[in-house]
Amino acid sequence: MNKKNCVIFDMDGVIFDSERACLYTWTEAANAFGMKNIREVFDKCIGTNNNQTRAIVEEAYAKEFGEGISDRILSESSRLFHEKYDGGKLPVKLGVKDILEYLKKEKIRCAVASSTREAVVRQELSDAGLVEYFEEIVGGDAVKISKPNPEIYLLACSRMKIAPANAFAIEDSYNGIRAAHAAGMRPIMVPDMIPADDEMMELSEVICDDLIKVVDYFKSI
């Protein structure tokens, strides 16, 4: 791996096992409201920012539950999430420390480009003792359009002062891979809750089962 490269990580589903955690809290909240098919709606929201998530939820449920249902369910799921996972209790994905230590040893610069708000990203990384590994953190509130639009990755590359062609993006979601590919980066997919399909295989440079396998890939190039 060329030391002129950098690696830009998505956070949810890549660094933290937060998508499963979110699904748990969404399901709890949906059950309380009597909302059905929450998994189908949740999957559509993976990799999107807060505004897009609200729009997806409104489209799915506003007719039955009234306008503003997205505020109600997201508020309740957020309360449940903080109650259960704040203070460093959010599970870290397999291989996170391995890849971050490897990149630090190899002097490969790292950043985060997450659809989650920057303040939340910083807090969760700090609670897990990981924030020091990242030179830049770009949250979803820094851009107008979230993934699959490439804006967040182009901004991250700009802040890192690196050409997108020299930057790897590690993603778990379809929208994330689409965004990285559209930005002209080198997408690496580590599937989380949704397996790779033919489109992801075409858009990704490589698909790895976990971050330890990503380290092996970096060592091979």
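For the structure, check the block above.
Please read these numbers as outputs of a predicted model, since none were measured by experiment. (Residues numbered from 1 in each chain as written. Predicted model: local features only at pLDDT ≥ 70, side-chain atom pairs only at ≥ 80, totals over all residues. Heavy atoms only, no water.)

### Observations regarding the packing of helix H1 (residues 18–33) against helix H4 (residues 69–85)
Okay, step 1: At a minimum axis distance of 8 Å, the contact between H1 and H4 shows a crossing angle of 125 degrees. Regarding the angle of H1 to H4, the classification is oblique. The chirality of how H1 crosses H4 is right-handed. Of H4, the residues touching H1 (which contributes Ser18, Ala21, Cys22, Tyr24, Thr25, Trp26, Glu28, Ala29, Ala30 and Phe33) are Arg72, Ile73, Leu74, Glu76, Ser77, Leu80, Phe81, Lys84 and Tyr85.
Okay, step 2: Grouping the amino acids of the contact of H1 with H4 by side-chain chemistry returns 12 nonpolar, 3 polar and 4 charged. (Axes fitted to C-alpha atoms, helices over the stretch in contact; angles between N-to-C directions. Helix = DSSP H or I, 4+ residues; strand = E, 2+ residues; numbered from the N terminus. Parallel < 35°, antiparallel > 145°, perpendicular 65-115°, else oblique. Left-handed = near helix turned anticlockwise from the far one by under 90°. Contact = heavy atoms within 4.5 Å. Nonpolar A, V, L, I, M, F, W, Y, C, P; charged D, E, K, R; others polar.)

### Description of the side chain of Ser115
Okay, step 1: Within the element layout of this structure, Ser115 appears in the loop between strand S2 (109–113) and helix H6 (118–127).
Okay, step 2: Side chain to side chain, Ser115 and Ser146 meet in a polar contact 3.1 Å long.
Okay, step 3: In contact with Ser115, other than residues within four places in its own chain, are Gly47, Thr48, Asn49, Gly140, Ser146, Lys147 and Ile152. (Polar contact = N/O pair within 3.5 Å; in protein donor to acceptor, adjacent residues only side chain to side chain.)

### Description of the pattern of salt bridges
Okay, step 1: Going through the model one piece at a time under the given rule, you end up with 15 salt bridges.
Okay, step 2: Of the charged contacts, one joins Arg39 and Asp43 as a salt bridge, the two residues approaching to 2.9 Å between their closest N and O atoms. Residue Arg39 and its partner Asp43 are located together in helix H2 (residues 38–45), separated by 4 residues, close to a single helical turn.
Okay, step 3: Of the residues examined, Asp43 reaches a relative accessible area of 25% and is grouped as partly exposed.
Okay, step 4: Here the salt bridges do not stand alone but share partners, grouping Asp17, Arg20, Lys93 and Asp192 into one network. (Salt bridge = Lys/Arg side-chain N within 4 Å of Asp/Glu carboxyl O. Buried < 20%, exposed > 50% of the residue type's maximum accessible area, 1.4 Å probe, protein only.)

### Section: the sheet that holds strand S3 (residues 136–138)
Okay, step 1: Reading across the sheet, the 6 strands line up as S3-S2-S1-S4-S5-S6 and stay open at both edges, with parallel pairing between neighbours. Looking at strand neighbours, the two that pair on one side only are S3 and strand S6 (206–207), the edges of this open sheet.
Okay, step 2: Two elements, strand S4 (residues 167–171) and strand S5 (residues 186–189), share 4 bridges in a ladder whose sense is parallel. When the sheet's bridge partners are listed, Ile170 is paired in S5 with Ile188.
Okay, step 3: Across the sheet, helix H5 (residues 96–105) touches strand S1 (6–9), S2 and S4, and the angle it forms with S1 is around 155 degrees.
Okay, step 4: The sheet contacts of helix H8 (residues 174–182) involve S4 and S5, and relative to S5 the element is tilted by about 165 degrees. (Pairing = 2+ DSSP bridges.)

### What about the nonpolar core?
Okay, step 1: Among the nonpolar cores identified, the biggest contains 35 residues, and Phe9, Ile15 and Phe134 are the most heavily contacted of them.
Okay, step 2: Where this core is concerned, the elements lending two or more residues are S1, H4, H5, S2, H6, S4 and helix H10 (211–220).
Okay, step 3: Contacts of Ile15, omitting those with residues within four sequence positions, involve Phe9, Asp10, Val92, Lys93, Val96, Val112, Leu125, Leu130 and Phe134. (Core = buried A, V, L, I, M, F, W, Y, C linked by side-chain atoms within 4.5 Å.)

### With respect to the pairing of S5
Okay, step 1: As a crossover connection, the stretch from S4 through H8 into S5 is right-handed.
Okay, step 2: Inspection of the sheet shows S5 paired to S6 by 2 bridges, in the parallel sense. By the bridge assignment, Met189 is partnered in S6 with Ile207.
Okay, step 3: Handedness of the S5-helix H9 (residues 198–203)-S6 crossover: right-handed. (Right-handed = clockwise from strand over helix to strand, strands pointing away.)

That's the geometry; what it means functionally is another story.
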